[in-house]
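Tertiary structure, described
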Amino acid sequence: MSQISLNTTSSVTSADLGPSSSLQLMFAKLQLELSETAKSQALERMDYISKQQEEQKLVSSMLNEARQLQADAANESDANKAASGEKDSTMMPVEMENYFKEHGLAYDDSGVSRRQNKEEWDLAITSLEARLEELGTDTQQQMVYIQDYMGQYNSYLQGANTQISNSNQTLTSLAKGQ
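Residues numbered from 1 in each chain as written. Predicted model: local features only at pLDDT ≥ 70, side-chain atom pairs only at ≥ 80, totals over all residues. Heavy atoms only, no water.

The next subject is the overall build of the chain. Within the chain, the secondary structure is distributed over 5 helices and 2 strands. Counting helices and strands in the order they occur from the N terminus, the chain gives α-α-α-β-α-β-α. Among the 178 residues that make up the chain, the fraction classed as buried is 31%. Taking all contacts inside the chain whose residues are at least 6 apart in sequence as the whole, residues at least 24 apart take part in 69%. Put simply, the chain shows about 11200 Å² of open surface, and 51% of that area lies on carbon and sulfur atoms. (Helix = DSSP H or I, 4+ residues; strand = E, 2+ residues; numbered from the N terminus. Buried < 20%, exposed > 50% of the residue type's maximum accessible area, 1.4 Å probe, protein only. Contact = heavy atoms within 4.5 Å. Areas by Shrake-Rupley, 256 points an atom, 1.4 Å probe, with all protein chains shown as cover.)

A few words on the packing of aromatic side chains. For the coordinates displayed, the defined rule picks out 1 aromatic pair. With 5.2 Å between their ring centres and 70° between their planes, Phe100 and Tyr107 make a pair best called edge-to-face. Across the pair, exposure class does not vary: Phe100 and Tyr107 are buried alike. (Phe/Tyr/Trp six-rings, centres within 6.5 Å; stacked < 30°, edge-to-face > 60°.)

Attention now moves to the packing of helix α4 (residues 94-103) against helix α5 (residues 118-176). Between two packed helices, what matters for the description is the angle formed by their axes and the separation of those axes. Relative to each other, α4 and α5 sit at 60°, their axes nearing to 12 Å. Looking at the two axes, α4 sits oblique to α5. Judged by the twist between their axes, the crossing of α4 over α5 is left-handed. Every residue of α5 that contacts α4 at Met96, Tyr99, Phe100 and His103 is listed here: Trp121, Ala124, Ser127, Leu128, Arg131 and Leu135. Here the residues of the contact of α4 with α5 are counted per class, giving 7 nonpolar, 2 polar and 1 charged. (Axes fitted to C-alpha atoms, helices over the stretch in contact; angles between N-to-C directions. Parallel < 35°, antiparallel > 145°, perpendicular 65-115°, else oblique. Left-handed = near helix turned anticlockwise from the far one by under 90°. Nonpolar A, V, L, I, M, F, W, Y, C, P; charged D, E, K, R; others polar.)

Let's shift gears to the side chain of Glu55. Locating Glu55 in the fold gives a position in helix α2 (residues 23-75). When residues no more than four places from it in sequence are discounted, the contact partners of Glu55 are Tyr99, His103, Arg131 and Leu135.

We now examine the environment of Met92. Considering the arrangement of structural elements, one finds Met92 in the loop between β1 (89-91) and α4. For the pair formed by Met92 and Arg114, sequence separation is 22 residues and the distance between their alpha carbons is 5.3 Å. Filtering out sequence-adjacent residues up to four positions away, Met92 remains in contact with Glu97, Phe100, Tyr107, Arg114, Gln116, Trp121 and Ala124.

Below, the discussion takes up α4. Taken residue by residue, α4 has Met96, Glu97, Tyr99 and Phe100 as its buried positions. Down the axis of α4, the buried side of the element spans an arc of 160°, and every buried residue falls inside it. The exposed set on the far side of α4, more than 90 degrees from its buried face, consists of Glu95, Lys101 and Glu102. Where α4 is buried, its residues meet α2 and α5. Looking one or two residues beyond α4, the residue adopting positive phi is Gly104, at roughly 65°. (Arc of directions from axis to C-beta.)

Before going further, it helps to spend a moment on the packing of α2 against α4. Look at α2 against α4: their axes get within 11 Å of each other, and the N-to-C directions meet at 125°. Of the possible angle classes, the one that applies to α2 and α4 is oblique. The crossing of α2 and α4 is left-handed. Together, Glu55, Leu58, Val59, Met62, Glu65 and Ala66 of α2 and Met96, Tyr99 and His103 of α4 make up the contact between the two elements. Residues that form the contact of α2 with α4 fall into these classes: 6 nonpolar, 1 polar and 2 charged.

Right under this line is the structure:
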């Protein structure tokens, strides 16, 4: 009996299972090919999830920073600003503003600077919280897909093994003349 080889980077070839004059071996080859497809799709989803988790860390970090900047804006006590009627504010970091623009997140950008007062930070924080929730939901959905692909992989692999076993039994029976 020949060895079955599965390369993670290529498909199953005719040399993997030998000549395929048997319908059982042809079906086994098909099952192995389908299992490889499911495996590669699961790996792609895993890479995507990894990227999503990195972005979740970034958003979480920005959310903490925004909350701190909001607290700082609320705690500022500049007598001149209070006397002039200006609201206390803090500056939004450039990286945060770029992230907001890149992902279409809402924040108050009506001023000429990136200064945000306590109320304006509320909008930015809400946007970051929504983005974080969106990323979390997407990650969970991707994990469901991975579980599905893993189930397909196992099913196809089991089907291939069953067909190979059946083929071996048929050949053994023929060799014994039964």
